[in-house]
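Residue-level listing of the chains:
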Amino acid sequence: MTMPKVSALHVYPVKSLRATSTPAAVVEPWGLAGDRRWMLVDADTGKAVTQREDARLALIGAVLDERGGLRLTAPGRQPLDVAVPPPGPLETVRIFSGTLEVRPADETASAWCSAYLGMPVRLVHLDRPESRRPIDPEYARPGETVSLADGFPLLVTTTASLDALNALIAAGDRADEGPLPMNRFRPNAVVDGTEAWAEDGWRRVRIGEVVFRVPKPCGRCVITTTDQGTGVRGREPLRTLGRHRNINSQLVFGQNLVPETSGTLHVGDPLTVVE
């Protein structure tokens, strides 16, 4: 078998919005540069709004500019450019069971998002390293943090495992929902050239010049059932993962990564299993 290599890299400038593909990405301690530094929150409660609550978020595009700002696009809406908020008052928002301090974007951006979704939301930005969230202490080393990703700095998936999963879907009673594309799983890095499910045995890997710890598999949620091009939900892959990939009471696909060193990832970088 040829050496495994990175076939795609993705960042998600706004949590739960559309991915942006990139040929290279700088690895920061809390994730890829520019990945999940923005988020939508409920205007009344301050709670994070994700595709779990509203599948239409998949249809909103967010592309970073060179200053860390955004260009937002959505069906039926004119594009909107959003600048990084200037230094100013911080506010506390909720993400899962925790809280963190963020800066609100210009009201124009929040109004644009609210008009598209038909509900009052606000766009906020995480710009201070001291506001990063601690990783689950069960899996973290002292001082390890994450930005606005669900739990860990990066997520890696493999094309061989997706092929194997799609074969299982095709053999099941919801075959009409497959094959599924990789974007259902919203990875940061996609790797070609492995055996199916080889990532289950990884504990430390080197991708290009960067070494990562592999703390645990990624437990999947309802977002994976959402067509990222239409916002329509189905039952796969959770139905098939429940039958074939239920590990420690989680339906798993892909592996979480925590950087141990710094550097830049590139499409084409080799992956080496260190441990």
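Below is a summary of the structure that appears in this document. (Residues numbered from 1 in each chain as written. Predicted model: local features only at pLDDT ≥ 70, side-chain atom pairs only at ≥ 80, totals over all residues. Heavy atoms only, no water.)

Here's the deal with the packing of aromatic side chains
Move 1: Applying the stated criterion across every chain yields a total of 3 aromatic pairs.
Move 2: An aromatic cluster of three or more residues is present, and its members are Phe185, Trp197 and Phe253.
Move 3: Positioned over the ring face of Tyr139 is Lys216, at 5.7 Å from the centre of the ring. (Phe/Tyr/Trp six-rings, centres within 6.5 Å; stacked < 30°, edge-to-face > 60°. Lys NZ or Arg CZ within 6 Å of the ring centre and 35° of its normal.)

Considering the sheet that holds strand 6 (residues 48-49)
Move 1: Spatial strand order, 6-5-12-11-10: 5 strands in an open sheet with antiparallel pairing. Each of the sheet's edge strands pairs with one partner strand only, and the pair in question is strand 6 and strand 10 (91-95).
Move 2: Strand direction decides the pairing type here: strand 10 and strand 11 (residues 98-104), joined by 5 bridges, are antiparallel. Directly across from Ile95, in strand 11, lies its bridge partner Gly98.
Move 3: Where helix 1 (residues 107-117) meets the sheet, it contacts strand 5 (38-42) and strand 12 (121-125), and its direction lies at approximately 135° from that of strand 12. (Pairing = 2+ DSSP bridges. Helix = DSSP H or I, 4+ residues; strand = E, 2+ residues; numbered from the N terminus. Contact = heavy atoms within 4.5 Å. Axes fitted to C-alpha atoms, helices over the stretch in contact; angles between N-to-C directions.)

Topic: the pairing of strand 1 (residues 5-11)
Move 1: In terms of burial, strand 1 is largely enclosed, as 5 of its 7 residues are buried.
Move 2: Relative to strand 16 (residues 189-192), strand 1 runs antiparallel, the two being bridged by 4 bridges. Bridge assignment links Ala8 to a residue of strand 16, and that residue is Val190.
Move 3: For strand 1 and strand 2 (residues 20-21), the ladder comprises 2 bridges, and the chain directions are antiparallel. Within strand 2, the position partnered with His10 by the bridge is Ser21. (Buried < 20%, exposed > 50% of the residue type's maximum accessible area, 1.4 Å probe, protein only.)

Quick look at the nonpolar core
A general feature of soluble globular proteins is that nonpolar side chains tend to end up buried together.
Move 1: The biggest cluster of nonpolar side chains holds 22 residues, and the ones touching the most others in it are Leu17, Leu40, Leu70, Leu72, Val82 and Leu123.
Move 2: Sorting the residues of this core by element identifies strand 5, strand 8 (70-74), strand 9 (77-82), helix 1 and strand 12 as the ones contributing at least two each.
Move 3: The greatest single-element share of this core, amounting to 5 residues, is contributed by helix 1.
Move 4: Those residues in contact with Val82, other than ones at most four positions away along the chain, are Trp38, Gly69, Leu70, Leu72, Ala105, Ala109 and Leu123. (Core = buried A, V, L, I, M, F, W, Y, C linked by side-chain atoms within 4.5 Å.)

Distances and angles like these do not, on their own, reveal function.
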